[in-house]
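Survey of secondary and tertiary structure
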Amino acid sequence: NHETVPPDNGSWWNGEKQHYTARTDNSFVSGGTLKIVAKRETYTAYNTTKLYTSARLTSRFNFTYGRLDVRAKLPKGSGTWPAIWVLGSNNATVGWPACGEIDVMEHWGHIPGEVSSATHTPSCSGGCANVRVGATQLNDYDTAFHVYSLEWTKESLRFSIDGVFKYAYKPAVKNDNTWPFTADQFIILNVAMGGTWFEIDPNFTQSAMEIDYVRVFQ
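In this report, we go over the structure that sits alongside the text. Computed from a prediction, not measured in an experiment: that's the story for all the values here. (Residues numbered from 1 in each chain as written. Predicted model: local features only at pLDDT ≥ 70, side-chain atom pairs only at ≥ 80, totals over all residues. Heavy atoms only, no water.)

1. Some remarks on the overall build of the protein chain
- Broken down by element type, the protein chain carries one helix and 15 strands.
- For the protein chain, whose C-alpha radius of gyration is 16 Å, the value lies close to the compact-globule estimate of 17 Å for 218 residues.
- Counting only C-alpha atoms, the protein chain reaches 50 × 35 × 30 Å along its principal axes.
- For the protein chain, the proportion of its 218 residues judged to be buried stands at 52%.
- The contacts of the protein chain with a sequence gap of at least 6 include a subset with a gap of at least 24, amounting to 68%. (Helix = DSSP H or I, 4+ residues; strand = E, 2+ residues; numbered from the N terminus. Rg over C-alpha atoms; globule rule 2.2 N^0.38 Å. Buried < 20%, exposed > 50% of the residue type's maximum accessible area, 1.4 Å probe, protein only. Contact = heavy atoms within 4.5 Å.)

2. A look at the pattern of salt bridges
- Inspection of every chain in the model, using the stated rule, returns eight salt bridges.
- Between Arg-23 and Glu-41 there is a salt bridge, with its nearest N and O atoms 2.4 Å apart. A residue pair is termed long-range when its members are at least 10 positions apart, and Arg-23 in the loop between β1 (18–20) and β2 (27–30) and Glu-41 in strand β3 (residues 33–45) qualify at 18 residues.
- Of the charged contacts in the structure, one is a salt bridge between Lys-35 and Glu-210, with a shortest N-O distance of 3.8 Å. One end of the pair, Lys-35, is in strand β3; the other, Glu-210, is in strand β15 (residues 206–217), with 175 residues separating them in the sequence.
- Owing to a relative accessible area of 14%, Lys-35 belongs among the buried residues under this scheme.
- The class for Glu-210 is buried, based on a relative accessible area of 18%. (Salt bridge = Lys/Arg side-chain N within 4 Å of Asp/Glu carboxyl O.)

3. Focus: the pairing of strand β14 (residues 185–193)
- With nine of nine residues buried, β14 is to be regarded as a mostly interior element.
- Alternating positions in β14 separate into two faces, Gln-185, Ile-187, Leu-189, Val-191 and Met-193 on one and Phe-186, Ile-188, Asn-190 and Ala-192 on the other, with burial throughout.
- Bridge count for strand β5 (residues 56–63) against β14 is five bridges, and the pairing is antiparallel. Looking across to β14, one finds that Phe-63 is bridged to Gln-185. (Pairing = 2+ DSSP bridges.)

4. A closer look at the sheet that holds strand β10 (residues 136–137)
- Taken in spatial order, the six strands make up an open sheet running β5-β14-β7-β8-β9-β10, and their pairing is antiparallel. Looking at the sheet topology across the chains shown, the edges are occupied by β5 and β10.

5. Concerning the packing of aromatic side chains
- Applying the stated criterion across every chain, the model contains 13 aromatic pairs.
- Measuring from centroid to centroid gives 5.7 Å for Phe-61 and Phe-63, while their planes differ by 15 degrees, and the two rings are stacked.
- Of the residues examined, Phe-63 reaches a relative accessible area of 6% and is grouped as buried.
- Where Trp-81 meets Trp-108, the ring centres are 6.2 Å apart and the plane angle is 35 degrees; that geometry is what we call tilted. Of the two residues, Trp-81 sits in strand β7 (residues 80–88) while Trp-108 sits in the loop between β8 (101–107) and β9 (114–120), which places them 27 residues apart along the sequence.
- According to the relative accessible area criterion, Trp-81 is buried, its value standing at 8%.
- One aromatic cluster in this structure is built from Phe-61, Phe-63, Tyr-65 and Trp-152.
- One cation-aromatic arrangement involves Lys-174 over Trp-179; the distance from NZ or CZ to the ring centre is 5.1 Å.
- For the cation-ring pair, Arg-215 lies above Tyr-213, with the distance from its terminal atom to the ring centre recorded as 3.6 Å. (Phe/Tyr/Trp six-rings, centres within 6.5 Å; stacked < 30°, edge-to-face > 60°. Lys NZ or Arg CZ within 6 Å of the ring centre and 35° of its normal.)

Encoded structure:
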């Protein structure tokens, strides 16, 4: 599914600078892989003009517990913000962060050699959350494919890259505030541009996140 309707008065959250579209300019399959392309271009939608376009894809598949593997190559350029994540399927009714968010992989183009993972819950979200939790150096993030994984059980969330464990979230006390991860979540793949705490390279033209596969194991 292409998610294209901006929820924040014609914009997306976090001060992002892009419009998401369903055009093949921004997302398509070729050579056996999915490309999500962020581009610099003037684009008007929902009465708002932006200088960048990209795509945000959500799965129609929902699941509770299991292992998620996504083999991906990330975009390059200051201002790019690719993410592989899951969000509570009940987000429309309970809101965020009560629905729970699990960031399997996030990368910020202005910190090129680092990828990270994080969780967002009512007990710690947004400004509270250390967005660089599970941070690890990955200097070939844009030239080589890597497998970004989440193992989600009733006890913990475990994150790994290429099968190497990086970080676990396992609160000592599990309740609605610390552990909303007891119900279905769906998968999101997107490349945002810019945000309230970093700028976009003025020479940026376009770059893509390339997805080889998405696999969920019970």
